[in-house]
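The residues making up each chain are set out below.
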Amino acid sequence: MSHFLPTGTVYGTLLNFRAEVDALAPQMTQPPYKAPPKAPVLYVKTANTWSPHGSDIAVPAAVPEVEIGASIGMVIGAEGDVEGFVLMNDLSIPHASFFRPPVKFKCVDGFLGIGPVLRDAQEIADPASFRVEVRINGDLKQSIDFSQLVRPAQQLLADVGDFMTLAHGDVLMLGCGPGRPLARAGDRIDISASGFETLSNTLVKEAA
């Protein structure tokens, strides 16, 4: 069975859940930023990070735990519209910087589980109805309610479009909820949502 993998660039979105913004609000007024961001804050998940459903993801030996960032990506269609939605497991090395996360924490080889299949946007009445669950070794660790977005799907797409052009095949993540669980080598991560096939990846120790 062929698993969905992007043909364009994958962008993650920071600070798009209200609880995430509320938790960090005191820091946003401190130097060097001094004010909350006005536009969406994006980062790129480079192609070396992409891991299809069912694949093992190697965790560097020096990293005891990784942060799971369950999300849903909007896949951009030929007209700049949304062609479909796909589950994503946006892994990162835990870090304190929230405005401009260093690439070394986000773009480790394999650190983006994707898939398994694209869900046609025509089937989705409202992306705000998405509920995503994260399980580690079968235990429910996080439940994410996408009605709690700062910028709902269409607004996020429009606001990003104000400063950059998304190409056909690019993927824009809706964001990762607060309270992201931690996992380590040996753990199996399952990300599920109603109407989607479950995305599963297993963390393994990096080969020496």
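Coordinates for the structure precede this section.
Bear in mind the structure is a predicted one, so any value in this text is a computation, not a measurement.

1. Structural notes on the overall build of the protein chain
Along the backbone of the protein chain there are 3 helices and 15 strands. For the protein chain, whose C-alpha radius of gyration is 16 Å, the value lies close to the compact-globule estimate of 17 Å for 208 residues. With the C-alpha coordinates aligned to their principal axes, the bounding extent of the protein chain is approximately 45 × 45 × 30 Å. Here the protein chain holds 208 residues, and 50% of them are scored as buried. The long-range fraction of contacts in the protein chain, counting pairs at least 24 apart against all pairs at least 6 apart in sequence, stands at 75%. Summed over all atoms, the accessible surface of the protein chain reaches about 9,700 Å², with 52% contributed by carbon and sulfur. On the protein chain, the mean spot of the 16 positive side-chain charges and the mean spot of the 23 negative ones are 9 Å from each other.

2. Observations concerning the side chain of D90
Here D90 lies in strand β7 (residues 82-90). By relative accessible area, D90 is classed as buried at 2%. A distance of 2.3 Å separates a polar atom in the side chain of D90 from a polar atom in the side chain of Y43. Polar side-chain contacts of D90 include one of 2.7 Å to the side chain of K45. Contacts of D90, omitting those with residues within four sequence positions, involve Y43, K45, E67, I68, G69, K106, F111, L112, M173 and C176.

3. Some thoughts on the pattern of salt bridges
Considering all chains together, one arrives at 9 salt bridges under this definition. For D159, the salt bridge identified is with R151, shortest N-O distance 2.7 Å. Residues D159 and R151 agree in their burial class; the two are buried. Several salt bridges converge on common partners, so that one network encompasses E20, E67 and R180.

4. What about the environment of I191?
Positionally, I191 belongs in strand β14 (residues 188-193). Separated by 77 residues in the primary sequence, I191 and I114 place their C-alpha atoms 10 Å from one another. Filtering out sequence-adjacent residues up to four positions away, I191 remains in contact with I68, A70, L87, M88, N89, V132, E133, V134, T198 and L199.

5. Notes on the sheet that holds strand β11 (residues 139-145)
In space, the 5 strands of this open sheet follow the order β4-β15-β14-β10-β11, with mixed pairing throughout. The two strands at the open ends of the sheet, each matched to only one other strand, are β4 (56-59) and β11. On average, adjacent strands in this sheet sit at an angle of 25 degrees to one another, irrespective of strand direction. Where β14 and strand β15 (residues 199-205) come together, 4 bridges link them in antiparallel fashion. Residue pairing for β15: R188 is matched across the bridge by T202.

6. Things to note about the nonpolar core
Within the largest apolar cluster, 41 residues are counted, with the highest numbers of intra-cluster contacts made by I72, M74, F85, V132, F146, L174 and I191. With near-sequence residues (within four places) excluded, V132 lies in contact with A70, I72, L87, Q142, S143, I144, F146, I191, S192 and A193. With 10 residues, the next largest nonpolar core counts W50, M88, V171 and M173 among its residues.

Criteria and thresholds
Residues numbered from 1 in each chain as written. Predicted model: local features only at pLDDT ≥ 70, side-chain atom pairs only at ≥ 80, totals over all residues. Heavy atoms only, no water. Helix = DSSP H or I, 4+ residues; strand = E, 2+ residues; numbered from the N terminus. Rg over C-alpha atoms; globule rule 2.2 N^0.38 Å. Buried < 20%, exposed > 50% of the residue type's maximum accessible area, 1.4 Å probe, protein only. Contact = heavy atoms within 4.5 Å. Areas by Shrake-Rupley, 256 points an atom, 1.4 Å probe, with all protein chains shown as cover. Lys, Arg positive; Asp, Glu negative; His and termini not counted. Charge placed at Lys NZ, Arg CZ, Asp CG, Glu CD. Polar contact = N/O pair within 3.5 Å; in protein donor to acceptor, adjacent residues only side chain to side chain. Salt bridge = Lys/Arg side-chain N within 4 Å of Asp/Glu carboxyl O. Pairing = 2+ DSSP bridges. Axes fitted to C-alpha atoms, helices over the stretch in contact; angles between N-to-C directions. Core = buried A, V, L, I, M, F, W, Y, C linked by side-chain atoms within 4.5 Å.

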